[in-house]
Amino acid sequence: MKKALRLLLYAGTLALTCASVVLLAADFAGRSPLAGAGMLALSCAAGYAVSGYVKERRALVGLLAALALAAAASMLLPYGNWNALLALLGAAATVLGARHDWSNPETKLVDARLLPVGLTACGLTYLVALINLCQSAKQQIGYVAYGYLILSVLLLNRKSVQENAGGQTGRMMRGNQALAWGFAAVLSLAVFFRPLQSAVWNGLRWLISAILSLFDGKGAVSETAPSDQAAGRMDLSALGGQERTLPPWLEMAGNILLYAVAIAALLALAAFVGWAVWKGIRRLGAALTQWLYGFGSGTGEEYAEESEQLMTAQSMGRQLRDEMKRRARRLFAPPRRWGALTPDQRVRAVYRHLLEQQQRAAPDAGNLTPEELCVRAQKDEAFARLYNRTRYSDSDITEQEAEAYRSYLKG
């Protein structure tokens, strides 16, 4: 993406983050918010221009730009005492933009930290507008929150796919962006249902009027309507000619169609949110299970028979239950001392200690072979061969062989 386009994207996102404050201040002052919004956009663009194009003394240039724009906002904006607040807001936006790191891949498209800030600002200013009966500002803040949420969802979705998809970026991008645009469409329908309903009715009025004009009033519709016609029947007199009304069955069909579309859209939105929540719960459960699986006991003298079963999706629940049972038993059963163990059990106890030690640093250590585990733990590979003898060979392990590796319990 070209640098100029990135600058516009960064500046627009930051301006939307702070726009609700400008709208509320303009409503309190009884003025148009266009001047404040323009000054805010200029401040955001100036800050990102400093971070993107100034090579030397960037901090000084950014500070001077913030002071100059704050002074201009204080003197030129038409909001009276609210100019001071908007000047501080513009200066903060300039400094924030001047500190942006353009080379950071985490913020190449959008700074995810702005999303909660913007939504919080919209929520707080909307609440203030609601309490103070600022109807104009309340509606404008709602539209800003809608646009900010749509932009954030699209950009964050694209950023996530680019960072995590690897070689499948192109294929996954299409599907994920289609889902994101579908979410945006459903949200738009929910937000603009009333205007869309009005537009659909106006379209139907025009279409039906055109059809009726072809038949010159003949058909199932009445030529004139009484002055006390029932509410809810569509009046087409505004289209010219004689006053006409739609048949009741046609009005009912139109209402059913509109509400069916609205209900379907809301159900689709609920299904999308439920699917996202379900995926989040599954990921959280998998992460919690992996953490519990790698959580070892802190004592080196206790012994428990190791479980070498690989962690798979099918055995995840069983592994979690077994792990919790084993830990519950350890709370009530005293650990077996080294002297009470057979040579085979001593070797297994040492191996179990090494495995738990490595799982604290890397949960996937349970998938390693004994040789790989010894390499990772920087232990003698001869111990891996001795451990394999205890598992697969009928030959007895002597006490001297097991005692040679007791020191590993203290590592």
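Each remark here, short or long, concerns the structure printed above.
Report follows, based on the coordinates. Remember, it's a predicted structure, so these values are computed and weren't measured experimentally.

**Points about the environment of Cys374**
- Take Cys374: it is sitting in helix α12 (residues 370-377).
- According to the relative accessible area criterion, Cys374 is buried, its value standing at 1%.
- In sequence terms Cys374 and Gln358 are 16 residues apart; their C-alpha atoms lie 9.9 Å from each other.
- Dropping the residues within four chain positions of it, Cys374 is found in contact with Lys379, Asp380, Glu381, Phe383 and Ala384.

**Side note on the nonpolar core**
- Leu14, Leu40, Cys44, Tyr48, Leu77 and Leu86 are the most contacted members of the largest nonpolar core, which has 28 residues in total.
- Looking at this core, the elements with two or more residues in it are α1 (3-29), α2 (34-53), α3 (58-76) and α4 (82-98).
- Here this core gets nine residues from one element, more than from any other, and that element is α1.
- Excluding anything up to four places from it in sequence, Tyr48 contacts Leu7, Tyr10, Ala11, Leu14, Gly97, Ala98, His100 and Trp102.
- Counting 20 residues, the second-largest nonpolar core is a separate cluster that includes Val347, Leu373, Ala384 and Ile397.

**Describing the side chain of Ser20**
- With respect to the helices and strands, Ser20 occurs in helix α1.
- Here the side chain of Ser20 touches Thr125 through a polar contact of 3.3 Å, side chain to side chain.

**Overview of α2**
- The first and last C-alpha atoms of α2 sit 28 Å apart over 20 residues, in line with the 28 Å expected at 1.5 Å per residue.
- For α2, the elements touching its buried residues are α1, α3 and α4.

**Points about a negative patch on the surface**
- Residues Glu371, Glu372, Asp380 and Glu381 make up a contiguous surface patch of negative charge.
- Mapped onto the fold, Glu372 is located in helix α12.

Each value, and the rule that gives it
Residues numbered from 1 in each chain as written. Predicted model: local features only at pLDDT ≥ 70, side-chain atom pairs only at ≥ 80, totals over all residues. Heavy atoms only, no water. Helix = DSSP H or I, 4+ residues; strand = E, 2+ residues; numbered from the N terminus. Buried < 20%, exposed > 50% of the residue type's maximum accessible area, 1.4 Å probe, protein only. Contact = heavy atoms within 4.5 Å. Core = buried A, V, L, I, M, F, W, Y, C linked by side-chain atoms within 4.5 Å. Polar contact = N/O pair within 3.5 Å; in protein donor to acceptor, adjacent residues only side chain to side chain. Expected span 1.5 Å × (residues − 1). Patch = residues over 30% accessible without salt bridge, like charges linked within 9 Å, V, L, I, M, F, W, Y side chains within 5 Å. Areas by Shrake-Rupley, 256 points an atom, 1.4 Å probe, with all protein chains shown as cover. Salt bridge = Lys/Arg side-chain N within 4 Å of Asp/Glu carboxyl O. Lys, Arg positive; Asp, Glu negative; His and termini not counted. Charge placed at Lys NZ, Arg CZ, Asp CG, Glu CD.

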